[in-house]
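Here's the letter readout for the chains.
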Amino acid sequence: MTSSTPPSGPVVTRFAPSPTGSLHIGGGRTALFNWLFARRHNGKFLVRVEDTDRERSTEAAVKAIFDGLSWLGLFPDEEPVFQFSRAGRHREVVDQLLAGGHAYRDFLSAEETGALRDAAKAEGRTFESPWRDREPSVDDLMKPHTVRFRRPREAPVVVADAVQGEVRWDTAALDDLVILRSDGAPTYNLAVVVDDHDMGVTHVIRGDDHLNNAARQSLIYDALGWSRPTFAHIPLIHGPDGAKLSKRHGAQAVHEYAAMGYLPEAMRNYLARLGWAHGDDELFSDEQAIAWFDLDGIGKAPARLDFDKLAHVNAHWIRLADDDRLAKAALDVHLSRGHVLAEGDEARLTRAIPFVKDRAKTLLELADQTAFVLRRRPLVVYDKALPMLAGESGERIGRLRDRLRLFESWDVFALEAELKAFVEEEAVGFGKVGPAVRAALTGDGVSPDIARTLAALGREEALGRLDDALQQTK
Ligand code: GLU
């Protein structure tokens, strides 16, 4: 079967994070692929928190993962399932496997197991517990023991992976997996199979670091007489240098990307392209991704993170984003940088957004480019600009200020025309006016063109800043 074969029943996918840290972009992409595939087939996307490892699982990590998923806009169609709460059901299935002869009780102590394993390794054999073929006595049954899955050894296990193709494992080389620990705790591979089965999961899309688990899990499905899901193991994300993504490549957690000023829709667009392709399409909406998403489009080679591409995708989504939303986002950045909000700030920020949104690659840049509207009067004009505001040049700026004072319609087009008329009248090039006015209006000379800067600041603030600057150089 190839992945282009339409699924027969309703599609159910799941994202199954272990809550041991924040949501990484690799996990975010896995969640996204599962979400897209479910949406594409009008199916269900579920979330299961794999918290069976009690030592490593934390409440904080559960929250961080849910926060990451919400930020990405990937909401499950049902309440998340917590794996640990299903331990009773997992034990029930262990009993079922024991009853069917597909599992056995192993009474070896940890030390004995270690010694036998070492000996098997030295001889190049696969470790087998002698209890695989030994009937426990009634006395034995009272002793602590683990339960192992009795794998069939005769035939290879073959998984028709929707991404990796047909993959086979020699069962003789796999050992008999512990499915229940001596403390009664079910182990990972068993829990995953039982939960995926009970949740009706039809497609398991996850990182290819789980490919070997697919072999073990398939054998458990077969032993239980349950049909296997379609597996799709996606290559992990690599850093720009081609090495496995790690701390030295920079941000790994989804929340770090949020803090760097990427929009969630841009992140979805970019992550969808990371390892999956629809022709040469780079910029696409959720609707398009849902209409196109297909397991056939997932590549076999690891995708490389490319920050320039991400910036390009983000710039695209910033251009398309609603101005009020961007103003709010920029304000949040300013506040996080210590800005103290004053009357008029929000209005000025909102007016500035349309003038800068075409140039910002991140929300942080959007904040940088709107910083000029939030400065408090009187501004400190950068040193080099001071001569432009004094002497003859200063007088000219004074004349412009007087003219603007009388100017009523403070919109960008009218201001543009007015500035043009002014330089014509003065018979100077715009270069004799622009830098000086910009320095007066912004302090540091960073802003959109003058008409837009004036429009964003608003009449009163703009005239006030011009007055201040001319005062300063008198
Ligand atoms: N809990 C596993 C992980 O976080 C995923 C297991 C699975 O998807 O089957 O790596």
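Above this note sits the structure.
Note that the structure is predicted; figures quoted are calculated from it, not measured.

Visitor: What is the right way to read the overall build of the chain from this model?
Guide: Scanning the chain from terminus to terminus reveals 19 helices and 10 strands. Against the compact-globule benchmark of 23 Å for 474 residues, the chain has a radius of gyration of 32 Å, which places it well outside the compact range. Overall, the chain is about 105 × 45 × 40 Å in size when its C-alpha atoms are taken along their principal axes. For the chain, buried positions account for 50% of its 474 residues. At a minimum sequence separation of 6, the contacts of the chain that also span at least 24 residues come to 76%. One finds the centroid of the 61 positive side-chain charges in the chain at a distance of 2 Å from the centroid of its 73 negative side-chain charges.

Visitor: I'm lost on the site of the ligand in this one. Help?
Guide: Residues in close proximity to the ligand include Arg 14, Ala 16, Pro 17, Ser 18, Glu 50, Tyr 188, Val 192, Arg 206 and His 210, which together make up its full environment. Arg 14 has a polar side-chain atom sitting 2.6 Å from an oxygen atom of the ligand. At 2.7 Å from a nitrogen atom of the ligand is found a main-chain nitrogen or oxygen belonging to Ala 16. Contact with the protein chains hides 81% of the accessible area of the ligand, taken as 300 Å² for the molecule alone. Structurally, the ligand is housed in the largest pocket.

Visitor: What is the right way to look at the side chain of Gln 252 in this model?
Guide: Looking at the secondary structure, you find Gln 252 in the loop between strand E10 (230-234) and helix H8 (254-259). When sequence neighbours within four positions are dropped, the list of residues in contact with Gln 252 reads Leu 23, His 24, Ile 25, Leu 245, Ser 246, Lys 247 and Tyr 257.

Visitor: Where do I start with the packing of aromatic side chains in this structure?
Guide: The geometry of two aromatic rings is summed up by the distance between their centres and the angle between their planes. Counting across every chain of the model gives eight aromatic pairs. A ring pair is formed by Phe 284 and Trp 292, whose centres lie 5.8 Å apart and whose planes are at 70°; its orientation type is edge-to-face. Since its relative accessible area comes to 3%, Phe 284 is described here as buried. Through pairs of rings, three or more aromatic residues link up here, namely Phe 33, Trp 276, Phe 284, Trp 292 and Phe 293.

Visitor: How should the environment of Ala 16 be read in this particular structure?
Guide: When you line up the elements, Ala 16 lands in the loop between strand E1 (12-15) and helix H1 (25-40). For the pair Ala 16 and Val 194, spaced 178 residues apart in sequence, the C-alpha separation works out to 13 Å. Leaving out residues up to four positions away in the same chain, Ala 16 has contacts with Arg 48 and Glu 50.

Visitor: Even after reading the chapter, I still don't get H1, so can you show me in this structure?
Guide: Residues three or four positions apart in an α-helix share a direction because the helix packs 3.6 residues into each turn. Between the first and last C-alpha of H1 there are 22 Å, a value that for 16 residues agrees with the 22 Å anticipated at 1.5 Å per step. Counting buried positions over the 16 residues of H1 gives 13, a clear majority of the element. Asn 42 lies just past H1 and shows a positive phi near 50°.

Visitor: Would you mind showing me how to read the sheet that holds strand E4 (residues 103-106) here?
Guide: In spatial order, the strands read E4-E5-E8; together these three strands make up an open sheet with antiparallel pairing. Bordering the open sheet on either side are E4 and strand E8 (178-180), each of which pairs with just one other strand. Averaged over all neighbouring strand pairs, the angle between strand axes comes to 45°, with direction disregarded. Both E4 and strand E5 (residues 146-149) contribute to a ladder of four bridges, which runs antiparallel.

Visitor: What am I meant to see in the side chain of Asp 161 here?
Guide: In this fold, Asp 161 is placed in strand E6 (residues 157-161). Of the buried charged residues, Asp 161 lacks a salt bridge, with Arg 206 as the closest side chain of opposite charge at 7.2 Å. Here Val 163 takes part through its backbone nitrogen, which lies 2.8 Å from a polar atom of the side chain of Asp 161. Within the structure, the side chain of Asp 161 is placed 2.6 Å from the side chain of His 233, a separation counted as a polar contact. If we ignore the near neighbours within four places in the chain, the residues touching Asp 161 are Val 167, Leu 211, Phe 231, Ala 232 and His 233.

Visitor: So what exactly am I meant to see when it comes to unusual backbone geometry here?
Guide: Phi is mostly negative for residues that are not glycine, and the peptide bonds are mostly trans. Of note, the bond from Arg 377 into Pro 378 is cis; its omega dihedral lies within 30 degrees of zero at -10°. Looking at where Pro 378 falls in the secondary structure, it is placed in the loop between helix H14 (363-374) and helix H15 (391-405). A positive phi angle, near 50°, is found at Asn 42, a position not held by glycine. Along the chain, Asn 42 falls in the loop between H1 and strand E2 (44-49). At Ala 427, a residue that is not glycine, the phi angle is positive and equals roughly 55°. By the element assignment, Ala 427 lies in the loop between helix H16 (412-426) and helix H17 (434-442).

Visitor: I keep staring at helix H12 (residues 323-336) and nothing clicks. Help me out?
Guide: Under the 1.5 Å per step criterion, the end-to-end length of H12 is 20 Å for 14 residues, consistent within 8% with the ideal 20 Å. All buried positions along H12 are accounted for by Leu 326, Ala 327, Ala 329, Ala 330, Leu 331, Val 333 and His 334. The inward-facing, buried residues of H12 contact helix H11 (307-320), helix H13 (345-356) and H14. Looking one or two places after H12, you find Gly 338, whose phi comes out positive at around 100°.

Cut-offs used in this document
- Residues numbered from 1 in each chain as written.
- Predicted model: local features only at pLDDT ≥ 70, side-chain atom pairs only at ≥ 80, totals over all residues.
- Heavy atoms only, no water.
- Helix = DSSP H or I, 4+ residues; strand = E, 2+ residues; numbered from the N terminus.
- Rg over C-alpha atoms; globule rule 2.2 N^0.38 Å.
- Buried < 20%, exposed > 50% of the residue type's maximum accessible area, 1.4 Å probe, protein only.
- Contact = heavy atoms within 4.5 Å.
- Lys, Arg positive; Asp, Glu negative; His and termini not counted.
- Charge placed at Lys NZ, Arg CZ, Asp CG, Glu CD.
- Near = heavy atom within 4 Å.
- Polar contact = N/O pair within 3.5 Å; in protein donor to acceptor, adjacent residues only side chain to side chain.
- Areas by Shrake-Rupley, 256 points an atom, 1.4 Å probe, with all protein chains shown as cover.
- 1 Å grid on protein atoms, 1.4 Å probe; cavity = no way out; pocket = protein on both sides within 12 Å on 5 of 7 lines; lining within 4 Å.
- Sits in = over half its atoms within 2 Å of the grid points.
- Phe/Tyr/Trp six-rings, centres within 6.5 Å; stacked < 30°, edge-to-face > 60°.
- Expected span 1.5 Å × (residues − 1).
- Pairing = 2+ DSSP bridges.
- Axes fitted to C-alpha atoms, helices over the stretch in contact; angles between N-to-C directions.
- Salt bridge = Lys/Arg side-chain N within 4 Å of Asp/Glu carboxyl O.

That's the geometry; what it means functionally is another story.
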